[in-house]
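Understanding the architecture of this molecule
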Amino acid sequence: MTLFSRLLYTIITFALLGASIVLIGVAVWRTSQGFWTGEGALDTTLDAIGLVIIAVAVADVGKFLFEEEVLADREMRRPAEARGSLTKFMSIMIVALSLESLVLIAKTSRETMGDVIYPGLLMLLAVLALVGLGLFQKLSQNATAAVPPDREEDESAEAGDQLLATSEPAIRSKRRNTSPATGPA
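These figures come from a predicted structure and were not determined experimentally. (Residues numbered from 1 in each chain as written. Predicted model: local features only at pLDDT ≥ 70, side-chain atom pairs only at ≥ 80, totals over all residues. Heavy atoms only, no water.)

Structural notes on the overall build of the protein
The secondary structure content of the protein amounts to 5 helices and 2 strands. Traced from its N-terminal end to its C-terminal end, the protein shows the element sequence α-α-α-α-α-β-β. When the 185 residues of the protein are sorted by exposure, 24% land in the buried category. Pairs at least 24 apart in sequence give 68% of the contacts found in the protein among residues at least 6 apart. (Helix = DSSP H or I, 4+ residues; strand = E, 2+ residues; numbered from the N terminus. Buried < 20%, exposed > 50% of the residue type's maximum accessible area, 1.4 Å probe, protein only. Contact = heavy atoms within 4.5 Å.)

Structure representation (structure tokens):
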């Protein structure tokens, strides 16, 4: 990965984390204002919870981008790597959608029951995303099992096995020359 793309993803990550901190600050400010004025304290608290949920999702996406694009320093060559990354990202989105829909259901059910349709559809969307992720996992499992490991991994595993085989006799002889009570002979 080039230095430019690493720098770009680092800037994007810090921008997302900054936006997340701002959202949390707005949530705290609105909640404190609601309690001080005494008007709509519960509504502002529910709004604040929604903002914090969004802030956590934004921070998780920033962390995900940083881990995958800056720290990992590898391209996804195997289906298992892509599968793991996509699963991680979709899990973040599904949790955020689910929590946001729960907050919206709690908020709208207090006012008018006719407004519960949008949060209900949002929850349905989260469930469909979860089902889709499960289908993706099931269908991609066969593709992951069918792809043989890279040649480089085979060579490094063989080198490790050879190193272990050559070092085992040395370890055994060292153990025979050492007694627990007296130390090395």
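After that view of the structure, there is still more to cover.
Digging into the packing of aromatic side chains
Counted under the stated rule, the structure contains 1 aromatic pair. For the ring pair Phe64 and Phe89, a centre distance of 5.6 Å and an interplane angle of 40 degrees mean the geometry is tilted. Separated by 25 residues along the polypeptide, Phe64 in helix 2 (residues 41-71) and Phe89 in helix 3 (residues 79-111) bring together distant segments of the chain. Given a relative accessible area of 10%, Phe64 falls into the buried group. (Phe/Tyr/Trp six-rings, centres within 6.5 Å; stacked < 30°, edge-to-face > 60°.)

Observations regarding the pattern of salt bridges
Tallying each qualifying case throughout the model produces 2 salt bridges. Between Asp47 and Lys107 there is a salt bridge, and its shortest N-O distance comes to 2.3 Å. Taken as a pair, Asp47 in helix 2 and Lys107 in helix 3 lie far apart in primary sequence, 60 residues in all. On the accessibility criterion, Asp47 (28% relative accessible area) is partly exposed. (Salt bridge = Lys/Arg side-chain N within 4 Å of Asp/Glu carboxyl O.)

What to know about the side chain of Ser101
With respect to the helices and strands, Ser101 occurs in helix 3. By relative accessible area, Ser101 is classed as buried at 0%.

A few points about the environment of Gly134
As for its position among the elements, Gly134 is in helix 4 (residues 117-146). Here Gly134 falls in the partly exposed class, since its relative accessible area comes to 37%. Note: C-alpha distance between Gly134 and Thr87 (47 residues apart in sequence) is 9.2 Å.

Considering a nonpolar patch on the surface
Residues Ile24, Val28, Val52 and Val56 make up a contiguous nonpolar surface patch of roughly 290 Å² in combined accessible area. Of all the secondary structure elements, the ones that give two or more residues to the nonpolar patch are helix 1 (3-37) and helix 2. If you trace the backbone, Val28 turns up in helix 1. Taking the relative accessible area as the measure of exposure, Val28 reaches 53% and is therefore exposed. (Patch = residues over 30% accessible without salt bridge, like charges linked within 9 Å, V, L, I, M, F, W, Y side chains within 5 Å. Areas by Shrake-Rupley, 256 points an atom, 1.4 Å probe, with all protein chains shown as cover.)

Examining the environment of Tyr9
Structurally, Tyr9 is set in helix 1. Overall, the relative accessible area of 25% leaves Tyr9 in the partly exposed class. When the C-alpha positions of Tyr9 and Glu68 are compared, they lie 9.7 Å apart, and in sequence the two are 59 residues distant. The contact partners of Tyr9, leaving out residues within four places of it in the chain, are Leu65, Glu69 and Val70.

Concerning the packing of helix 1 against helix 2
Closest axis-to-axis distance for the helix 1/helix 2 pair is 8 Å, and the angle between their directions is 170 degrees. Considering the angle they form, helix 1 stands roughly antiparallel to helix 2. Broken down by class, the residue content of the contact of helix 1 with helix 2 amounts to 22 nonpolar, 8 polar and 3 charged. (Axes fitted to C-alpha atoms, helices over the stretch in contact; angles between N-to-C directions. Parallel < 35°, antiparallel > 145°, perpendicular 65-115°, else oblique. Nonpolar A, V, L, I, M, F, W, Y, C, P; charged D, E, K, R; others polar.)

Section: helix 1
In an α-helix, one full turn covers 3.6 residues, which means residues spaced three or four apart are oriented alike. Given a rise of 1.5 Å per residue, 35 residues ought to cover 51 Å, and the 51 Å separating the end C-alpha atoms of helix 1 matches this to within 8%. Within helix 1 the residues assigned to the buried category are Ser5, Thr10, Thr13, Ser20, Ala27, Thr31, Ser32 and Gly34. Against the buried residues of helix 1 lie helix 2. Gly38, located one to two residues past helix 1, shows a positive phi value of around 80 degrees. (Expected span 1.5 Å × (residues − 1).)

Topic: the packing of helix 2 against helix 3
At a minimum axis distance of 10 Å, the contact between helix 2 and helix 3 shows a crossing angle of 175 degrees. Relative to helix 3, the element helix 2 is oriented roughly antiparallel. The residue makeup of the contact of helix 2 with helix 3, split by class, is 15 nonpolar, 2 polar and 10 charged.

Function cannot be read off these values alone, since they describe shape.
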